[in-house]
Amino acid sequence: MELAELAKKVSEKYSETDKKSGPLFLLAVFFEEAGELAEAVRKGNTEEVREELADCLFMVLSLANYYGVDVEERLVEKYLRDDPSSRWDLPS
């Protein structure tokens with residue numbers, strides 16, 4: 001399934017709930033899930049990382065849908081057509 005199709009299915013199922021929740025609530029839940037992902041990575045627990053990545057992606061798609069952002073298109077533009085890696089502050 002393409003990311004755009006997945007975003008559409010998430011929108012169809014959850015957009016009414018997301019509208020009632022509002023963007024700040026959605027963002028807060030994303031932050032919570034990102035914290036849980038950080039903890040799973042810190043522990044090195046692959047199954048928990050898997051779960052939390054799914055939760056984070058779900059929240060990203062919910063926020064993208066809320067704002068009408070085609071996140072798949074933007075990912076392709078920003079990271080595949082362009083290459084911002086030269087500007088990243090990577091560890092030596």
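Structure: see above.
Residues numbered from 1 in each chain as written. Predicted model: local features only at pLDDT ≥ 70, side-chain atom pairs only at ≥ 80, totals over all residues. Heavy atoms only, no water.

1. A few points about the overall build of the protein
Counted only if it meets this: Under the DSSP-based scheme used, a helix requires at least four consecutive residues in state H or I and a strand at least two consecutive residues in state E, with every element numbered from the N terminus. Each residue is placed in one exposure class: buried if its accessible area under a 1.4 Å probe, protein chains only, is under 20% of its type's maximum, exposed if it is over 50%, and partly exposed if it falls in between. Areas reported here follow the Shrake-Rupley algorithm with a probe of radius 1.4 Å; residue values treat only the protein chains shown as occluding. Only four residue types enter the tally: Lys and Arg on the positive side, Asp and Glu on the negative side, with His and both chain ends excluded. Where a charge sits is defined by one atom per residue type, namely NZ (Lys), CZ (Arg), CG (Asp) or CD (Glu).
Across its full length, the protein carries 4 helices and 0 strands. Secondary structure elements of the protein occur, N-terminal to C-terminal, as α-α-α-α. The buried share among the 92 residues of the protein stands at 21%. Within the structure as shown, the protein displays about 7000 Å² of accessible surface, and the carbon and sulfur contribution to it stands at 55%. Averaging the positions of the 12 positive and the 21 negative side-chain charges in the protein gives two centres separated by 3 Å.

2. Digging into the nonpolar core
Note the following rule: Only buried residues count toward a nonpolar core. Its members are Ala, Val, Leu, Ile, Met, Phe, Trp, Tyr and Cys residues joined through side-chain atoms within 4.5 Å. Residue contacts are defined here by distance: any two heavy atoms, one from each residue, within 4.5 Å place the two residues in contact.
With 5 residues, the main nonpolar core is built from A7, V10, L61, A64 and V71. Elements supplying a minimum of two residues to this core: α1 (3–21) and α3 (46–67). Setting aside chain neighbours within four positions, we find A7 in contact with L61 and N65.

3. Notes on a nonpolar patch on the surface
Going by this rule: The residues that make up patches have over 30% relative accessible area and no salt bridge, and they are joined within 9 Å when like-charged or within 5 Å when they are Val, Leu, Ile, Met, Phe, Trp or Tyr. Between Lys or Arg on one side and Asp or Glu on the other, a salt bridge is scored when a side-chain nitrogen of the former is within 4 Å of a carboxyl oxygen of the latter.
There is a patch of nonpolar side chains on the surface, built from L75, Y79, L80, W88 and L90 and spanning about 560 Å² of accessible area. Secondary-structure assignment places L90 in the segment after α4 (71–81).

4. Re the side chain of E33
With respect to the element layout, E33 can be found in helix α2 (residues 23–43). Buried charge E33 goes without a salt bridge, the closest partner of opposite sign being K43 at 12 Å. When sequence neighbours within four positions are dropped, the list of residues in contact with E33 reads E52, D55, C56 and M59.

5. Topic: the packing of aromatic side chains
Filter applied, for reference: Within 6.5 Å between ring centres, the rings of Phe, Tyr and Trp (the latter by its six-membered ring) count as paired, and their orientation is classed by plane angle as stacked under 30 degrees, edge-to-face over 60, tilted in between.
Applying the stated criterion across every chain, the model contains 3 aromatic pairs. Seen in terms of ring centroids, Y14 and F58 are 5.1 Å apart; in terms of plane orientation they differ by 85°. Their pairing is edge-to-face. Remark: F58 occurs in helix α3 and Y14 occurs in helix α1; sequence separation between them is 44 residues. Among the residues examined, Y14 registers a relative accessible area of 31% and is labelled partly exposed. Between Y66 and Y67 the ring centres are 5.2 Å apart and the planes differ by 70°, which places this aromatic pair in the edge-to-face class.

6. Some points on the packing of α1 against α3
Operational definition: Lines fitted to C-alpha atoms define the axes, with helix axes restricted to the stretch in contact, and inter-axis angles between N-to-C directions lie between 0 and 180 degrees. Throughout this description, any angle smaller than 35 degrees is read as roughly parallel, any larger than 145 degrees as roughly antiparallel, any in the 65 to 115 degree range as roughly perpendicular, and the remainder as oblique. Asp, Glu, Lys and Arg are counted as charged, while Ala, Val, Leu, Ile, Met, Phe, Trp, Tyr, Cys and Pro are counted as nonpolar; the rest, among them Gly, fall into the polar class.
Close contact between α1 and α3 brings their axes to 8 Å; oriented N to C, the two are set at 75°. Here α1 lies roughly perpendicular to α3, going by the angle between them. Together, L3, L6, A7, V10, S11, Y14, D18 and K19 of α1 and L57, F58, L61, S62, N65 and Y66 of α3 make up the contact between the two elements. Per-class residue counts for the contact of α1 with α3 are 9 nonpolar, 3 polar and 2 charged.

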